[in-house]
Amino acid sequence: NAGVTQTPKFQVLKTGQSMTLQCAQDMNHEYMSWYRQDPGMGLRLIHYSVGAGITDQGEVPNGYNVSRSTTEDFPLRLLSAAPSQTSVYFCASSRGQGGVTEAFFGQGTRLTVV
Amino acid sequence: AQSVTQLDSHVSVSEGTPVLLRCNYSSSYSPSLFWYVQHPNKGLQLLLKYTSAATLVKGINGFEAEFKKSETSFHLTKPSAHMSDAAEYFCVVSASNSGYALNFGKGTSLLVTP
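Residues numbered from 1 in each chain as written. Chains lettered and ligands numbered in written order. Predicted model: local features only at pLDDT ≥ 70, side-chain atom pairs only at ≥ 80, totals over all residues. Heavy atoms only, no water.

## Some thoughts on the state of the cysteines
Just so we agree on the cut-off: In what follows, a disulfide is any cysteine sulfur pair within 2.5 Å. For the purposes of this entry, the term helix denotes a DSSP run of H or I that reaches at least four residues, the term strand denotes a run of E that reaches at least two, and both are numbered from the N terminus. Relative accessibility under 20% of the residue-type maximum defines a buried residue, over 50% an exposed one, and the middle range a partly exposed one, all with a 1.4 Å probe and only protein chains included.
Summed over the entire model, instances satisfying the criterion amount to two disulfides over all chains. There is a disulfide in this structure between Cys23(A) and Cys91(A), and the S-S distance comes to 1.8 Å. Negative torsions about the S-S bond denote left-handed disulfides, and the value of about -70 degrees found for Cys23(A) with Cys91(A) makes this one left-handed. One end of the pair, Cys23(A), is in strand E3 (residues 19–25); the other, Cys91(A), is in strand E9 (residues 87–94), and 68 residues separate them in sequence. Just as Cys23(A) is buried, Cys91(A) falls in that class too. The side chain of Cys23(B) participates in a disulfide bridge whose partner is Cys91(B); the two sulfur atoms lie 2.0 Å from each other. Since a negative S-S torsion denotes a left-handed disulfide, the Cys23(B)-Cys91(B) link at about -70 degrees is left-handed. Of the two residues, Cys23(B) is situated in strand E4 (residues 23–26) and Cys91(B) in strand E10 (residues 87–94); the sequence distance between them amounts to 68 residues. Each member of the pair Cys23(B) and Cys91(B) is classed as buried.

If you want it as structure tokens, here you go:
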């Protein structure tokens, strides 16, 4: 059982480039979300989705887009990368419906914008 | 809105002594609370969760936490620290009004000395 799979694990971008961070889960979870982790800041919510076709903004959504066309996939798009987006990104999924359950996290994507 | 405050950014204990990591929460809804652990350069692992059942919650690796509504606290404890407990610990709150997305505290770095 793969759980939550993020790709790539590492990425270096130049300022202004765009890219998509991939996230896929095989647990049929309704809820998926993206976080960024910066030193001393914990994990901050970027965007989340409560089901296919439904997304919403979190605490730090600027500069990022998401879509949820299937239950399994929740890609995060950086439209025009900036050095301030250098961070470690985590995708998570949880069952959610009927009560809060454990969130499962991917292994993270370490992104550097130069 | 819901949030958590981790009262200590760093905690240092000797091996074999008790561990106390403090967390206060704020939530206008009945919250679900979690503790996650992150070892260096690793993903996040769930230690334990509170979802309105028993107020004393037991987790993995000997950790436990007590939900105290009157004090709005959810402190993490362990009777005897091991070297392998050295890691970053996150207190997390979730509520139904945000799609069950997780709000993280800023983390407590636990150092265990021989």
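## Some points on the pairing of strand E12 (residues 108–113) of chain B
Residues and elements named next belong to chain B. We count it as follows: The rule for pairing is simple: two strands pair if DSSP sees at least two bridges between them.
Taking every second residue as pointing to the same face, the buried face of E12 carries Thr108, Leu110 and Val112, while none of Ser109, Leu111 and Thr113 on the other face is buried. In this structure, strand E2 (residues 10–14) lies alongside E12, joined through five bridges in parallel fashion. Its bridge partner being in E12, Ser14 is matched across the sheet by Thr113. Of the strand pairs in this sheet, E10 and E12 are connected by three bridges, and their pairing is antiparallel. Each residue of the ladder has a partner; that of Tyr89, found in E12, is Thr108.

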